[in-house]
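# Report on the structure
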Amino acid sequence: MNGGGAPSGIGGRTPSSSPLAGSGRASGRGQAHSGIGSSVRRPDGPAKVRGEFSYAGDLAAEGMLIGDTLRSPHPHARITRIDLTAARALPGVHAVLTADDVPGDLHVGLTLRDEPVLADRVVRYAGEPVAVVAAVDAATARRALRAIEVDYEPLPALTDPELARDADPVHPDGNVYRHVAYSCGDPDARGVVTVENTYRIGMQDPAFLAPEAGLAWPTPDGGVALDVATQWLHSDQRQIGWATGLPPEKVHLRLAGVGGAFGGREDVTLQVHACLLALATGRPVKVEYTREESFLAHRQRHPGSIWLRHSADADGRIVSVEGRVLLDGGAYASTSPVVITNTVTLLQGPYRVDNGRFEGWSVRTNNPSCGAMRGFGVPQAAFAHEAQLDALASALGLDPVEIRLRNALQRGDVATFGQRFDAPTPVREVIEGVARLPLPEGPARKAPGGVGRSAEGGTVRRGIGYAVSIKNLAFSEGHVDESTAEVSLCDGHATVHTACAEVGQGFVTVAEQVARTVLGASTVEVTQPDTLVASAGSTSASRQTMASGTAVHRACLAVRDRLLGRLARAHGLDAAELTIADGVVCAAGKPLTSVAAAAPGQTFRATEHFQHPDTFPLGSPEARMYVGFGFSAQRAVVDVDVELGLVTVVQIASCQDVGTVVNPTQLLGQIEGGIVQGMGLALMEEVVVIDGRITNPDLQDYLIPTIVDAPEIVSTYVTDPEPGMPHGWKGVGEPPLVTAVPVVAAAVRAATGLPLPAVPIRPEHIALGIGAPPTVTWTTPRPPDPSRPPGVVVDEEPDAALGTMAEEGAPPGP
Amino acid sequence: MLLAAPCFALPETVGEALTALADRPDAIVVAGGTEVMPDLLWRNRRAAGFVSLRRVGALRGTTTVGGELVIGAGTPVAALTGAPDAGLRAAASSLGTPLVRTEATIGGNVVSALPYRNLLPTLLAGGATLELTSATGTRVVPFDGFVTAPGRTRLAEDELLTAVRLPVPTGFADYAKVGRRNAQFVATVSVAITCRDGAVRLAFGNAGPTPLRADAVDTAATALFAHRATAEDLRAAVAAAVDPPEDTIASAAYRRHALGVLTVRLVTRAQGAAA
Amino acid sequence: MTPDEVAFELTVDGVRHEVTARWSESLLTVLRDRLGVRGPKTGCAHGRCGACAVRADLGDGAPHVLCACLVPAATAAGGSVATIASIGGPDGELSDVQEAFLAEGAVQCGICTAGFVTAATELLETNPDPTRTEIEAALYGNLCRCTGYGRIVAAVEAAARTRRQQEAP
Ligand SMILES: Cc1cc2nc3c(=O)[nH]c(=O)nc-3n(C[C@H](O)[C@H](O)[C@H](O)COP(=O)(O)OP(=O)(O)OC[C@H]3O[C@@H](n4cnc5c(N)ncnc54)[C@H](O)[C@@H]3O)c2cc1C
Ligand code: FES
Ligand code: FES
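All of these numbers come straight from a predicted model, not from anything done at the bench.

## Structural notes on the environment of A:Val117
All names here are of chain A. Considering the arrangement of structural elements, one finds Val 117 in the loop between β5 (115–116) and β6 (122–123). Separated by 14 residues in sequence, Val 117 and Ala 131 place their C-alpha atoms 9.5 Å apart. With residues up to four places along the chain from it excluded, the contact list for Val 117 reads Leu 106, Val 108, Pro 129, Ala 243, Val 272, His 273 and Leu 276.

## Some thoughts on the domain arrangement of chain A
Think of interface size as the accessible area that goes away when the parts come together; that is how it is often given. Residue and element names in this part refer to chain A. Domains assigned within chain A are domain 1 (57–155 + 215–285) and domain 2 (482–611). Centre-to-centre separation of domain 1 and domain 2, based on C-alpha positions: 38 Å. In this assembly, 15 residues from domain 1 lie in contact with 16 residues from domain 2. For the pair domain 1 and domain 2, the summed buried surface comes to about 1200 Å²; carbon and sulfur atoms form 53% of the total. Three residues, Gln 231, His 234 and Leu 255, lead the burial of domain 1 against domain 2; their summed loss comes to 45% of the area buried on that side. Where domain 1 meets domain 2, there are zero salt bridges.

## Focus: the packing of aromatic side chains
With the rule as written, the count across this model stands at 15 aromatic pairs over all chains. A centroid spacing of 4.8 Å and a plane angle of 90 degrees characterise the contact between B:Phe50 and C:Trp23, whose relative ring orientation is edge-to-face. Linking B:Phe50 in strand β4 (residues 50–52) with C:Trp23 in the loop between β2 (15–22) and α1 (27–34), this pair reaches from one chain into another. Across the pair, C:Trp23 and B:Phe50 agree in class, each one buried. An aromatic cluster is built from A:Phe417, A:Phe421, A:Tyr626, A:Phe629 and A:Phe631, whose rings are joined through pairwise contacts.

## Section: empty space enclosed by the protein
Residue and element names in this part refer to chain A. With the rule as written, the count across this model stands at 15 cavities of 30 Å³ or more. Lining the largest cavity we find 39 residues, and of these Gln 505, Ser 542, Gln 670, Val 732 and Gly 733 sit closest to its centre. Mapped by element, the contributors of at least two residues to the lining of the largest cavity are α12 (507–519), α13 (544–571) and α14 (664–683). For the lining of the largest cavity, the class distribution of residues is 15 nonpolar, 19 polar and five charged. Looking at the lining of the largest cavity, you find at least three residues from each of domain 1 (57–155 + 215–285) and domain 2 (482–611). There is about 170 Å³ of room inside the second largest cavity. Glu 115, Val 117, Val 268, Thr 269 and His 273 are the residues nearest the centre of the second largest cavity, which is lined by 17 residues in total. Residue assignment for the lining of the second largest cavity shows that the elements contributing at least two residues are β5 and α6 (271–281).

## Some remarks on helix α9 (residues 378–396) of chain A
Residues and elements named next belong to chain A. Relative to the 27 Å expected for 19 residues at 1.5 Å per residue, α9 spans 27 Å between its end C-alpha atoms, a close match to the ideal helical length. Most of α9 is tucked away, with 17 of its 19 residues classed as buried. A positive backbone phi angle near 70 degrees is found at Gly 397, which sits one or two residues after α9.

## Here we look at the nonpolar core
Ranked by size, the top nonpolar core spans 156 residues in total, and within it A:Phe417, A:Ile431, A:Val744, A:Val748, A:Ile766, C:Phe101 and C:Leu139 carry the most contacts. By residue number, the principal contributor to this core is α9(A), which donates 11 residues. Both domain 1 (5–86) and domain 2 (96–167) of chain C contribute no fewer than three residues apiece to this core. What A:Ile766 contacts, discounting residues up to four positions off in sequence, is A:Val640, A:Val642, A:Gly645, A:Val647, A:Val748, A:Thr752, A:Leu754, A:Leu756 and A:Ile761. Core analysis: the second largest hydrophobic core is formed by 91 residues, A:Leu226, A:Leu489, A:Val559 and A:Val585 among them.

## Some thoughts on the site of ligand 1
Around ligand 1 lies a shell of 32 residues, among which B:Val29, B:Thr34, B:Glu35, B:Thr105 and B:Asn118 are the nearest. In this structure, ligand 1 is bordered by residues of chains B and C. Contacts to ligand 1 include B:Asn118, whose backbone N or O atom sits 2.5 Å from an oxygen atom. One of the side-chain N or O atoms of B:Lys177 is found 3.1 Å from an oxygen atom in ligand 1. About the coverage of ligand 1: the protein hides 97% of its 970 Å² of free accessible area. Elements with a minimum of two residues in the shell around ligand 1: β3 (28–30), α6 (106–112) and β11 (160–167) of chain B. When residues of the shell around ligand 1 are assigned to their parent elements, the largest contribution, four residues, is made by α6(B). Of the residues contributing to the shell around ligand 1, the split by class is 15 nonpolar, 12 polar and five charged.

Conventions adopted
Residues numbered from 1 in each chain as written. Chains lettered and ligands numbered in written order. Predicted model: local features only at pLDDT ≥ 70, side-chain atom pairs only at ≥ 80, totals over all residues. Heavy atoms only, no water. Helix = DSSP H or I, 4+ residues; strand = E, 2+ residues; numbered from the N terminus. Contact = heavy atoms within 4.5 Å. Domains from an automatic or database assignment. Buried area = accessible area lost by both parts, 1.4 Å probe. Salt bridge = Lys/Arg side-chain N within 4 Å of Asp/Glu carboxyl O. Phe/Tyr/Trp six-rings, centres within 6.5 Å; stacked < 30°, edge-to-face > 60°. Buried < 20%, exposed > 50% of the residue type's maximum accessible area, 1.4 Å probe, protein only. 1 Å grid on protein atoms, 1.4 Å probe; cavity = no way out; pocket = protein on both sides within 12 Å on 5 of 7 lines; lining within 4 Å. Points joined across faces, edges and corners; volume = space filled by probe spheres on them. Nonpolar A, V, L, I, M, F, W, Y, C, P; charged D, E, K, R; others polar. Expected span 1.5 Å × (residues − 1). Core = buried A, V, L, I, M, F, W, Y, C linked by side-chain atoms within 4.5 Å. Near = heavy atom within 4 Å. Polar contact = N/O pair within 3.5 Å; in protein donor to acceptor, adjacent residues only side chain to side chain. Areas by Shrake-Rupley, 256 points an atom, 1.4 Å probe, with all protein chains shown as cover.

What follows is the structure in structure tokens.
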């Protein structure tokens, strides 16, 4: 089976691109087998299956030194003394650096520049880098770390986010990253029933399988180069520039092979350190984290608590929603000021809500810093709003599917945050799509407890749950979302160059498909991303097909026009009559020449930029916070051993709004991978932080799903093309995860009858019945007060610090 | 090939191994390494050299001698997934991962002496004895009492565990463990059972600082097996006998509860097998 | 050679090497950092992820697949190791398992792939027609964070199918 494998070739769990939505159009019609809509293989695949693909951890250079990091053992302490004498005197040690050795600006950060590259007299989380060393080998580097003498005066650690707002500031910038508060309509409107509860979400680690690594070396221009596994080359470049004092043109980054990212590589970790060490030693320096360091160094998903109160009429229609969110951002800002708006504004879920009041804080503590992780604040919201919908349904005696259909957002509706849903909004369609999928047949293949064989002799109960989600796609609130592509074509061979980080998601395949489809290229090379081309933004927010894919598409169109223009002149034809299909140029439908032979030896080039229409902060008159939205519905079937509290997820059925199917196999990979990560958060993944310290920084006690845990996944799609996007494509990477968290919880609730207001659900929550049920109150209906002003009312100005990056012209957070 | 370095020995006989150990007082014994290597990585343990048992052929394999299974201490857990003892088989089959089981040895599991290790409850329930060998000879001690605290045993500095002996299985035996995912997990708690001629014997993993069993539990279980007592009675006996840890993986209350549940289930299975 | 080092011979993918390493070094570290054999990957270095899986003959019985990060390197003295580079033909020709991983989309970031291909190849050697349950039982020592495993199972099933078809008369 080759690249052209039709969707039906992929076993039984095949994506169908059948347009469930009325306006859907068939994808891939008339395309070459290698073009958009077909399961083209990954161009980097052969090297990967052979074990020859080079990852950041595989980097090496002649004369290279090994860098290592001394980290704070305390969550909060003053550094009273650092003595580097012994470490510097060790043979084989080439550099030992602390904050005093940072030539440029000490502080970096994705949104607020509040994080010292190396601790500045105070450490604010356990694991914060205090010093870095470069030595001839790893053992010597470790010895040097041990030889560094640091005296700490421990300070009281702020580890309870509930106390952060009132506690003494643990950073000069204060303890609140951002406070968001707004209302719409009349939040005090009531139907016949209200349900309210407080939901808790644990800290999830991206746990990409290749720990952080990079290799830096000084360059002849007095600058520095870095090959690194990252999600965002230009953001790293800027922050390295700040710390080294080098101008951007002297900081040269290239993408090294990335072994997964999921948000965890959006902030810098070792990037700046490696460059500082290379500059200090004049030698190449490699830094590679252990798994334990990886847990300490990168950002986790925000843990948080969410209080929600829904009021509905007797038909289950939502009358009002009130919500309050507290996210623990940990010691430094990272993207905390942005994540909180996602959580707060999407508390409404994919449902129409005319009346609401929402508030949220992301706060600073001395816990590990949190930032981007796939879903970016929305899994937290989805877990809470979906539990509420089920609680409403149960109070009113409604079917969970029915209550969701009754409230489903439609195109034209206005969000609580004022934005009109002016693109396809197929919420109803994804719900109906998933409800139609067949339930698993026959006896369960696996019992809860798995290889432990604990279920035999006990009773297992089955539960079925539904969940639907809304996820904003691309950057938001005025953070510019853009990318640039350079494309060239010579003798049928296309070269595509962007700064888009391939982290496993398959952008390289999409870029190749676009070049084949638009240019009729017979071979395509997607070159190593670097900072020689303009920023592609981060590989996050489900945005790269939309941003970099569209930039590549535009550049390919420009190259095609150049080629066709030249052919038209050569043959005395009208360029408008010329088309390219399957590698052949046709004039008025008749083959003229192959693309490969069209202009021997001639290279056609174009560089094109793409930028989404502007977005604006919450409460702006433009009422456009987000670029777009993706919707997803899932149904989970679980078997629960209630007495022991153990769960096996039997099946997850998914129907997702995907715009168009660009590559069926890769799409399915995103859906399945996202679902299993979401299921991990629902059932087992939790970074445990006790007194500010991570107690499970390893893959023994931080549990990610194994192949035995993975459910059967059935996936279908709604293909309603996204306006303004080539082929109508849209981001698909995050929604599967977002929906999987609430759907697994819903199914476990259905099996057990327990409220389960927290994820991950621990066995003891089930076995011992831990967790408070929602409060259900029957109310006298109170219609919305017509004198309330329409639209969004921002109750309090968002924290002024939020806009700093955008104002400085720096690239925004996602 | 016999390799010798100041910090590394790869002996081929038990005698050579004992000598190598005597020559390197700061070295530690390594069998499969699946316990030792992560411990070194995580700085849980320090050492100044290895004496590897990997090439000591005499330590590998199972024989039957005088009504006992004699399992060489160096026998990999993978080989035990087909053991004649159903309890051992079950405990071995759920140990670690397929890639770990080929290396992990029964000896390493026993000497690791951690209360949550898979094979320990099985050996306790099965009435295992251990062959401990030093330069002066071999002594045989009951497994019951061998583990004195988490990670501590009655093995002397100059001794090797050379074999584990179990009575040739006659009746029913089984093992089950509970964890937070469905494969590749450390036991939150575990229970092993044997049932011979109507007499039930149970042992618990992670129910206290060492592998644990209690006469009162066996009495209640034997009564339940014979339908002379209720599941409630047995659960109460288990709850009274165990003293499980409270940690970030589970509360002591959950462990106590789960031990009771698992125990009743294993007795139910024994009844099913007897029926 | 310093007192805390040990020297030994090791054959990797058919090539004999003289290795000098610290006594406590793992086989994985020796392969990757001392010999530059980068096919086996470091995902955790404590036996959980299987990214480092290799097939090894350590002189202690039949060759088998193991986690290179768990083996003290010198225990492999005089032994031989076959990494992912030994799977598939010369000139980059793909094995049926590699081919299936590619075709079925079982590869995303790919950091787990060498380990999965190694373990799946071993499975099909011993069980040419595995059920889904048997595939899971054989592969739960390998973690993948990207794919959710669906395409990996599909790939192993596809490889088994191809192999059976080719072997059928
Ligand atoms: C990924 C992973 C998963 C795991 N999962 C499980 C699990 O589910 N259940 C479980 O029980 N264990 C598990 N373990 C732990 C470990 O694999 C087992 O305890 C294994 O049986 C240890 O055997 P070994 O030969 O590898 O021990 P080693 O690491 O070689 O040695 C362990 C200890 O025993 C000593 N020792 C070994 N043999 C002898 C001997 N003959 N005489 C004297 N001392 C000796 C060593 O000095 C050391 O102190 C896991 C380990 C890993 C890495
Ligand atoms: S690196 Fe060896 S198992 Fe993870
Ligand atoms: S493909 Fe990324 S970990 Fe498996």
